[in-house]
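Take a look at the letters that make up each chain.
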Amino acid sequence: MEQTHTTHNGVAATPGAQRRVLVVEDDATIVDAISARLRAEGFLVQTALDGPAAVDAAEAWQPDLMVLDIMLPGFDGLEVCRRVQAARPVPVLMLTARDDETDMLVGLGVGADDYMTKPFSMRELAARVHVLLRRVERAALAAVTPRSGILRLGELEIDHAQRRVRVRAEDVHLTPTEFDLLVCLANTPRAVLSREQLLAEVWDWADASGTRTVDSHIKALRRKIGAERIRTVHGVGYALETPAP
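Residues numbered from 1 in each chain as written. Predicted model: local features only at pLDDT ≥ 70, side-chain atom pairs only at ≥ 80, totals over all residues. Heavy atoms only, no water.

This part is about the overall build of the chain. Counting its secondary structure elements, the chain contains eight helices and 14 strands. Taken over 245 residues, the chain has a buried fraction of 50%. For the chain, the share of sequence-separated contacts (at least 6 apart) that also reach a separation of at least 24 residues comes to 60%. Within the structure as shown, the chain displays about 11500 Å² of accessible surface, and the carbon and sulfur contribution to it stands at 53%. (Helix = DSSP H or I, 4+ residues; strand = E, 2+ residues; numbered from the N terminus. Buried < 20%, exposed > 50% of the residue type's maximum accessible area, 1.4 Å probe, protein only. Contact = heavy atoms within 4.5 Å. Areas by Shrake-Rupley, 256 points an atom, 1.4 Å probe, with all protein chains shown as cover.)

What follows is the structure, given as structure tokens:
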């Protein structure tokens, strides 16, 4: 009988399609702790201790997800992310030792989907891995599920079927997380959504400790579609601005 596990939100899940997770971290203690937790969750795990080894392992093993530290010997996690994503899109959970928003935004800009700042709990890391993999599954399902037309909000166009976004008829490259965040805001244009609502809808993560993640993804999204399109309501959350009817 296949073993099931309980996710952070209490939903029974069976990760045992044996999803592959590549853990890239140069601290052996952290590598061992992450690997042990993910294996207990039912994942297959391989590890790499430096940048070149990580790129080689990603090419040879074709992981379903990477847990990737920014600071690595050889070359850093940002360069690993660039090279791996150029060859094959892979969801990436980036780890950083510094609570530095610049690092976070650069990481999101090279294709990371989420980030965590050290120190972190292994429980939360495992939950984030589950969430990222579920998002990839939803995106794959959306790609083959017909939806009605293209949503046009002024010069912003969102094509659900192709998961493409255009601004003034120019394609804008968004990560899967950025696309889901934009769609969440676009579903109720001009309505203010709290950080907690966005965290629950986009990340499936009902924990206020993750609101910094929302803020950093909003900043990355603004850089790509235009800062004026997302309004901040201080102390509350965000709203997608649209042209007046």
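Ordered in space as β4-β3-β5-β6-β7, the five strands form an open sheet in which the pairing is parallel. Both outer strands of the open sheet, β4 (44-48) and β7 (114-117), are each paired with one neighbouring strand and no more. Each neighbouring strand pair of the sheet contributes to a mean axis angle of 20 degrees, computed without reference to strand direction. Packing of helix α1 (residues 28-40) onto the sheet brings it into contact with β3 (20-24), β4, β5 (65-69) and β6 (92-96), and relative to β4 it is tilted by some 165 degrees. Each of β3 and β4 touches helix α2 (residues 51-61); the most contacted strand, β3, lies at about 170 degrees to it. (Pairing = 2+ DSSP bridges. Axes fitted to C-alpha atoms, helices over the stretch in contact; angles between N-to-C directions.)

Here we come to the confidence of the model for the chain. Overall, the prediction assigns the chain a mean pLDDT of 84, with 85% of residues at 70 or greater. Overall, residues 1-16 carries pLDDT values under 50, and its contacts beyond four positions in sequence, including any with other chains, amount to 29 contacts. (pLDDT = per-residue confidence, 0-100.)

Right, let's talk about the packing of helix α6 (residues 176-186) against helix α7 (residues 195-203) for a bit. Running from amino to carboxyl end, α6 crosses α7 at an angle of 125 degrees, the nearest separation of the two axes being 10 Å. It follows from the interaxial angle that α6 and α7 lie oblique. Between α6 and α7 the crossing geometry is right-handed. Taking contact as the criterion, the partners of T177, D180, L181, C184 and L185 in α6 are, on α7, L198, E201, V202 and W203. (Parallel < 35°, antiparallel > 145°, perpendicular 65-115°, else oblique. Left-handed = near helix turned anticlockwise from the far one by under 90°.)

The next subject is the environment of R152. The residue R152 is located in strand β8 (residues 150-153) in this model. R152 gets classed as exposed once you look at its relative accessible area, which sits at 52%. Separated by 15 residues in sequence, R152 and V167 have C-alpha atoms that sit 9.9 Å apart. Side-chain polar atoms of R152 contact the side chain of E157, separated by 3.4 Å. (Polar contact = N/O pair within 3.5 Å; in protein donor to acceptor, adjacent residues only side chain to side chain.)

All right, on to the environment of V214 then. Note on placement: V214 falls in helix α8 (residues 211-225). The class of V214 is buried, set by a relative accessible area of 0%. Through-space distance from the C-alpha of V214 to that of W203 is 9.1 Å; in sequence the pair is eleven residues apart. When neighbours within four sequence positions are excluded, V214 is seen to be in contact with R195, L198, L199, W203 and Y238.

All right, on to the packing of aromatic side chains then. Summed over the entire model, instances satisfying the criterion amount to zero aromatic pairs. It is R83 that lies over the ring of F75; its NZ or CZ is 4.2 Å from the centre. (Phe/Tyr/Trp six-rings, centres within 6.5 Å; stacked < 30°, edge-to-face > 60°. Lys NZ or Arg CZ within 6 Å of the ring centre and 35° of its normal.)

By rolling a water-sized probe across the atoms, one finds the places where empty space is left. In this structure, the largest pocket spans a volume of roughly 540 Å³. In this structure, the largest pocket is lined by 26 residues; those nearest its centre are P89, H173, L174, T175 and P176. Looking at the lining of the largest pocket, the elements with two or more residues in it are α4 (101-109), α5 (122-144), β10 (164-167), β11 (170-172) and α6. When residues of the lining of the largest pocket are assigned to their parent elements, the largest contribution, four residues, is made by α5. Grouping the amino acids of the lining of the largest pocket by side-chain chemistry returns 13 nonpolar, five polar and eight charged. (1 Å grid on protein atoms, 1.4 Å probe; cavity = no way out; pocket = protein on both sides within 12 Å on 5 of 7 lines; lining within 4 Å. Points joined across faces, edges and corners; volume = space filled by probe spheres on them. Nonpolar A, V, L, I, M, F, W, Y, C, P; charged D, E, K, R; others polar.)

Take empty space enclosed by the protein next. Under the definition given, this model contains one cavity of 30 Å³ or more. Here the largest cavity defines a volume of roughly 40 Å³. Taken together, I70, M94, T96, D103, M104, G107, L108, A112, D114 and Y115 make up the lining of the largest cavity. Looking at the lining of the largest cavity, the elements that each hand over two or more residues are β6, α4 and β7. Element by element, the count of residues in the lining of the largest cavity is highest for α4, at four residues. For the lining of the largest cavity, a count of residues per class yields six nonpolar, two polar and two charged.

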